[in-house]
Amino acid sequence: MDIAGIILAGGLGTRMGHVKKAFLTINGRTILDRLLAVYRPLFPEILIAARDKNDYKAYDYPIAEDRFEARSSLTGIHAGLTAMRASHGFMAACDGPFLQPGLVQALLDQADPEYDVIIPLKEDGYVEPLCAIYSKRCIPHIEAQLEQENFRIIGFFDQVRVKEVPVSLLQQGDPHHVSFFNVNSPDDLRQAEHLAAELGI
């Protein structure tokens, strides 16, 4: 399958003092650099979805700029899907510093061109929409939702073909179970620093 790797870097970081999460440093490396290190061996096409391309001038990757004014992860997913050449795109957000390549590869192995969303399903019954694969066929459904100012990512799932992949099939590629760890607050950042030092990641 033709799958692009898209990094969602457009968040405001309001709980982080309005610091862009992409440039937060953990154990000497920015979250964006950490994600790019995961993406490079896996995806021939890589894009950064962002509000302002000028923030990422130092990076030699295409910038998929938001096409809707509202800031949301769904806006970034839309920008990435619209800008990519591939039929499908893997999405991860810049609040997940410890995304593991083994978990991403395991999800890619579950990809099927007939599905529009391939998404991890956790033990608690919730899905991980910011560590998932989306097809370009999602674009009109996302646009209709954004025009209604509905930013709930899973809001359009009932209109497309969704393949839920139990996390148990993915975790072999993530032995420390850290791929879904999010940095949304200063406390999370401190915890991430401890994790990085403890696990050597």
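Refer to the structure above for everything that follows.
Presented here is an overview of the structure given in this document. Remember, predicted model here, so these are calculated numbers, not experimental data.

### As for unusual backbone geometry
If you check the backbone angles, Asn27 has positive phi at about 55 degrees while not being a glycine. Position of Asn27 relative to the elements: it lies in the loop between β2 (25-26) and β3 (29-30). Its identity is not glycine, yet Glu149 carries a phi of approximately 60 degrees, on the positive side. Residue position: Glu149 is located in the loop between α4 (139-147) and β9 (162-166). Taking relative accessible area as the criterion, Glu149 reaches 63% and is therefore assigned exposed.

### Examining the nonpolar core
Residues Leu32, Tyr39, Phe90 and Leu99 are the most contacted members of the largest nonpolar core, which totals 43 residues. Looking at which element gives the most residues to this core, the answer is helix α1 (residues 31-39), with six residues. Tyr39 has contacts with Gly5, Ile6, Ile7, Ile46, Phe90, Met91, Ala92 and Leu99, leaving out every residue within four places of it along the chain. Formed by 28 residues, the second largest nonpolar core is a distinct cluster that contains Ala49, Phe68, Ala93 and Ile153.

### Considering the environment of Ser179
For Ser179, the position within the fold is in the loop between β9 and α5 (186-199). For Ser179, a relative accessible area of 6% translates into the label buried. Remark: the alpha-carbon pair of Ser179 and Gly96, spanning 83 residues in sequence, is separated by 6.9 Å. With near-sequence residues (within four places) excluded, Ser179 lies in contact with Phe98, Leu99, Gln100, Leu103 and Asp174. Within the structure, Ser179 has its side chain in polar contact with the backbone nitrogen of Gln100 (distance 3.0 Å).

### Thoughts on the side chain of Glu45
For Glu45, the location among the structural elements is in the loop between α1 and β4 (46-50). Here Glu45 sits buried without a salt bridge, and the closest side chain of opposite charge, Arg85, lies 4.2 Å off (N-O distance). Engagement of the side chain of Glu45 in a polar contact is seen with the backbone nitrogen of Arg85, the distance being 2.7 Å. A polar contact is formed between the side chain of Glu45 and the backbone nitrogen of Ala86, at a distance of 3.1 Å. Aside from chain neighbours lying at most four places away, what touches Glu45 is Ala4, Gly5, Met84, Arg85 and Ala86.

### Topic: the environment of Leu199
By the secondary structure assignment, Leu199 is in helix α5. We classify Leu199 as partly exposed; its relative accessible area is 24%. Considering only alpha carbons, one finds Leu199 and His176, 23 residues apart in sequence, at a separation of 8.2 Å. Other than its neighbours up to four places away in sequence, Leu199 contacts His176 and Val178.

### Here's the deal with helix α3 (residues 101-109)
Within α3, burial applies to Leu103, Val104, Ala106, Leu107 and Leu108. Looking at the buried residues of α3, the elements they touch are β1 (3-8), α1, β6 (88-93), β7 (117-121), β8 (131-135) and β9.

Rules used throughout
- Residues numbered from 1 in each chain as written.
- Predicted model: local features only at pLDDT ≥ 70, side-chain atom pairs only at ≥ 80, totals over all residues.
- Heavy atoms only, no water.
- Helix = DSSP H or I, 4+ residues; strand = E, 2+ residues; numbered from the N terminus.
- Buried < 20%, exposed > 50% of the residue type's maximum accessible area, 1.4 Å probe, protein only.
- Core = buried A, V, L, I, M, F, W, Y, C linked by side-chain atoms within 4.5 Å.
- Contact = heavy atoms within 4.5 Å.
- Polar contact = N/O pair within 3.5 Å; in protein donor to acceptor, adjacent residues only side chain to side chain.
- Lys, Arg positive; Asp, Glu negative; His and termini not counted.
- Salt bridge = Lys/Arg side-chain N within 4 Å of Asp/Glu carboxyl O.

Geometric values such as these leave the question of function open.
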